[in-house]
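Okay, here's what each chain looks like letter by letter:
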Amino acid sequence: MATLPQWVAGSRPRTLPTSLVPVVVGTGVAIGAGHAVWWRALLAAVVALVLQIGVNYSNDYSDGVRGTDEVRVGPLRLVGSKVAKPKQVLAAALGSFAVAAVAGLVLAAVTSWWLLLVGAFAILAAWFYTGGKNPYGYRALGEISVFVFFGLVAVVGTVYVQTETLPWEAWAAAVPIGLLACALLVVNNLRDLPNDKESGKRTLAVVLGGPWTRILYAACCAVPFMIVLALAAPHPWVLIALLAAPFSLPPTQKVIQGAKGKDLIPVLGMTARLQIVYGVLLAVGLAL
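So, here's what we can say about the structure. (Residues numbered from 1 in each chain as written. Predicted model: local features only at pLDDT ≥ 70, side-chain atom pairs only at ≥ 80, totals over all residues. Heavy atoms only, no water.)

## Examining the overall build of the protein chain
- Helix and strand counts for the protein chain come out as twelve helices and zero strands.
- When its helices and strands are written in sequence order, the protein chain yields α-α-α-α-α-α-α-α-α-α-α-α.
- The globule rule puts the C-alpha radius of gyration for 288 residues at 19 Å, and the 18 Å found for the protein chain is close to it.
- Once the C-alpha set of the protein chain is aligned to its principal axes, its extents read approximately 50 × 45 × 30 Å.
- Within the protein chain, the proportion of its 288 residues that are buried is 53%.
- Partitioning the contacts of the protein chain with sequence separation of at least 6, the portion at a separation of at least 24 is 75%.
- Counting every atom, the protein chain has about 12,700 Å² of accessible surface; 72% of that belongs to carbon and sulfur.
- Counting 20 positive and 11 negative side-chain charges, the protein chain places the centres of these two groups 4 Å from one another. (Helix = DSSP H or I, 4+ residues; strand = E, 2+ residues; numbered from the N terminus. Rg over C-alpha atoms; globule rule 2.2 N^0.38 Å. Buried < 20%, exposed > 50% of the residue type's maximum accessible area, 1.4 Å probe, protein only. Contact = heavy atoms within 4.5 Å. Areas by Shrake-Rupley, 256 points an atom, 1.4 Å probe, with all protein chains shown as cover. Lys, Arg positive; Asp, Glu negative; His and termini not counted. Charge placed at Lys NZ, Arg CZ, Asp CG, Glu CD.)

## Comments concerning the environment of Trp 237
- Relative to the helices and strands, Trp 237 resides in the loop between α10 (210–231) and α11 (245–256).
- Those residues in contact with Trp 237 that sit more than four places away from it in its chain are Gly 285 and Leu 288.

## Observations concerning helix α2 (residues 17–32)
- Relative to the 22 Å expected for 16 residues at 1.5 Å per residue, α2 spans 22 Å between its end C-alpha atoms, a close match to the ideal helical length.
- Buried residues dominate α2, accounting for twelve of its 16 residues.
- Taken together, the buried positions of α2 are Pro 17, Thr 18, Ser 19, Val 21, Pro 22, Val 23, Val 25, Gly 26, Thr 27, Gly 28, Val 29 and Ala 30.
- Considering only its buried residues, α2 is in contact with α3 (38–66), α6 (142–163), α7 (168–191) and α12 (265–287).
- Of the residues trailing α2, Gly 34 is marked for its positive phi of about 80 degrees. (Expected span 1.5 Å × (residues − 1).)

## Here's the deal with the packing of aromatic side chains
- Scanning all chains against the criterion turns up five aromatic pairs.
- Ring geometry for Phe 225 versus Tyr 278: centroids 5.3 Å apart, planes at 85 degrees, classification edge-to-face. Remark: Tyr 278 occurs in helix α12 and Phe 225 occurs in helix α10; sequence separation between them is 53 residues.
- Residue Phe 225 is classed as buried on the basis of its relative accessible area of 10%. (Phe/Tyr/Trp six-rings, centres within 6.5 Å; stacked < 30°, edge-to-face > 60°.)

## Here's the deal with the environment of Asp 196
- Structurally, the position occupied by Asp 196 is in helix α8 (residues 193–199).
- For the pair formed by Asp 196 and Val 206, sequence separation is ten residues and the distance between their alpha carbons is 7.3 Å.
- In this structure Asp 196 touches Asn 189, Lys 201, Thr 203 and Val 206, once residues within four positions along its chain are discounted.

## Digging into the state of the cysteines
- The full count for this structure, using the stated rule, is zero disulfides.
- The closest cysteine sulfur to the non-disulfide-bonded Cys 221 is located on Cys 220, 6.9 Å from its own sulfur.
- The class of Cys 221 is buried, set by a relative accessible area of 1%. (Disulfide = S-S within 2.5 Å.)

## A word on unusual backbone geometry
- One non-glycine residue, Lys 82, adopts positive backbone phi at about 65 degrees.
- Along the chain, Lys 82 falls in the loop between α3 and α4 (86–110).
- Although it is not a glycine, Ala 140 adopts a positive phi angle of roughly 60 degrees.
- Here Ala 140 lies in the loop between α5 (115–128) and α6.
- Given a relative accessible area of 14%, Ala 140 falls into the buried group.

Honestly, it's all geometry; don't read function into it.
What follows is the structure, encoded as structure tokens:
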């Protein structure tokens, strides 16, 4: 039976900012529009966080039963390392999805019932990333899914449940947040590239190869700052997000200089830190 610290490690804590940052940014847009509703923002955060945990446990289960996590250089995987039974990890994933569904149901009830369809798609996307007979995460589509659900859907959805509108600022802010979420997945897949290639897991990193994957990572970290410059004309305060630029330099340098395997593990933490700082500053700029 896995211990509590092992279950926490299996939830992949370094990836969890990916779920909360979009809610913070979306709330910043709502504040700027003068329609922030804090209890709805909090409930949106619960949906996002628990859904992310469910995704992580689901991936742990699916990759573990396929045997693609048996040889790893990254953090603990519960099934792959055999510290937890597959059924236990599956139950944790399904339980997380259920909690997210209940919280989402409340938000849909007070706003619009079409949000249930969005939520259903999000849960299906979470499961079929590595689950099912033909997981799309094995078909180099993981980054697209992350951009859509942890960028567009998460930011725009957070704005909608508070303002019940879809302003252009929500869409514009969602793009850089989606790119930084993609950066986390890109560097994760770059780290696992040799093992994924050997096990037949066809991630985007496997398709592109190491050099192009490194360029993709650098682009995902750089383009958000270009978007800030474009947003500055109607919203000058967003320029404070440029203060996050120094946080992008160390991880980008490590990736471009060819870090591999275990040397990329710290880059995950640095990328998450970049996303947090950038997201908070962007949210403040949009709120002002």
